[in-house]
Amino acid sequence: MENLSAATQVIIALIPVVGITMAAILIFFAMLWKHSENKLAIKNNTYRPTEFNLKAFSLLAGLCLLGVGGVLSALFIIIEPVSWNILGGLIPFIIGFMLIIFFKINFKSEK
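Rules and cut-offs
Residues numbered from 1 in each chain as written. Predicted model: local features only at pLDDT ≥ 70, side-chain atom pairs only at ≥ 80, totals over all residues. Heavy atoms only, no water. Helix = DSSP H or I, 4+ residues; strand = E, 2+ residues; numbered from the N terminus. Rg over C-alpha atoms; globule rule 2.2 N^0.38 Å. Buried < 20%, exposed > 50% of the residue type's maximum accessible area, 1.4 Å probe, protein only. Contact = heavy atoms within 4.5 Å. Areas by Shrake-Rupley, 256 points an atom, 1.4 Å probe, with all protein chains shown as cover. Phe/Tyr/Trp six-rings, centres within 6.5 Å; stacked < 30°, edge-to-face > 60°. Axes fitted to C-alpha atoms, helices over the stretch in contact; angles between N-to-C directions. Parallel < 35°, antiparallel > 145°, perpendicular 65-115°, else oblique. Left-handed = near helix turned anticlockwise from the far one by under 90°. Nonpolar A, V, L, I, M, F, W, Y, C, P; charged D, E, K, R; others polar. Patch = residues over 30% accessible without salt bridge, like charges linked within 9 Å, V, L, I, M, F, W, Y side chains within 5 Å. Salt bridge = Lys/Arg side-chain N within 4 Å of Asp/Glu carboxyl O. Expected span 1.5 Å × (residues − 1). Polar contact = N/O pair within 3.5 Å; in protein donor to acceptor, adjacent residues only side chain to side chain. pLDDT = per-residue confidence, 0-100.

Looking only at helices and strands, the protein features three helices and zero strands. Across the protein, helices and strands are ordered from the amino to the carboxyl terminus as α-α-α. For a compact globule of 111 residues, the expected C-alpha radius of gyration is about 13 Å, and the protein comes in at 21 Å, more than 25% above that figure. Counting every position in the protein, which comprises 111 residues, the buried fraction comes to 12%. Within the protein, residue pairs in contact and separated by at least 24 positions form 59% of the contacts whose partners lie at least 6 positions apart. Only carbon and sulfur atoms are counted for the fraction: they give 74% of the accessible area of the protein, which is about 9300 Å².

Listed below in structure tokens is the structure:
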């Protein structure tokens, strides 16, 4: 980045800020929309609370985090075997592993 002009460096630095801001705005308006739908359903006596499937969520989130964490860990180990960057892959890997263990332990009693 030493060869780039100051304006280019500013633009490159602003890309993540703009992306995060746009995502936050999108999430805000999606939540506002859902809230308006719920208020209208309550007024019309047609409201049904949504059910959260913890079993499916813990399995899906665990598998996704396990996959992403495994790939990132392998990539960081290939690039630089001993560095703090490996934590960027190990943290989601361990969280995914723990969610799968939670899924196994918590829902074993349902069978």
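From this point, the discussion proceeds with the structure in view.
Turning our attention to the packing of aromatic side chains. Tallied over the entire structure, the rule returns two aromatic pairs. Measuring from ring centre to ring centre gives 5.1 Å for F28 and F29, while their planes differ by 75 degrees; the resulting arrangement is edge-to-face. Look at F28 and you get partly exposed, because its relative accessible area is 49%. Aromatic side chains F52 and F57 sit 5.4 Å apart centroid to centroid with 50 degrees between the ring planes, which places their arrangement in the tilted category. Residue class for F57 comes out partly exposed when judged on its relative accessible area of 45%.

Relative to each other, helix α2 (residues 54-79) and helix α3 (residues 87-106) sit at 150 degrees, their axes nearing to 7 Å. One way to sum up the angle between α2 and α3 is to call them roughly antiparallel. Between α2 and α3 the crossing geometry is left-handed. Residue classes in the contact of α2 with α3 are distributed as 17 nonpolar, nine polar and one charged.

This paragraph deals with a nonpolar patch on the surface. On the surface, W84, L87, L90, I91, F93, I94, I95, F97, M98, I101 and I105 cluster together into a nonpolar patch covering about 1100 Å² of accessible area. Mapped onto the secondary structure, M98 falls in helix α3.

A separate point is α2. The terminal C-alpha atoms of α2, which comprises 26 residues, lie 37 Å apart, in line with the 38 Å expected from a rise of 1.5 Å per residue. Among all positions of α2, only S58, A61, G62, G69 and S73 are buried. Packing partners of the buried residues in α2 comprise α3. Between the side-chain oxygen at the start of α2 and the backbone nitrogen of K55 there is a gap of 3.3 Å, and the oxygen is on N53.

A few words now on the confidence of the model for the protein. Here the protein averages 90 in pLDDT, and 95% of its residues register 70 or above. Summarising per-element confidence for the protein, the mean pLDDT is lowest in α3 (90) and highest in helix α1 (residues 6-43) (94).

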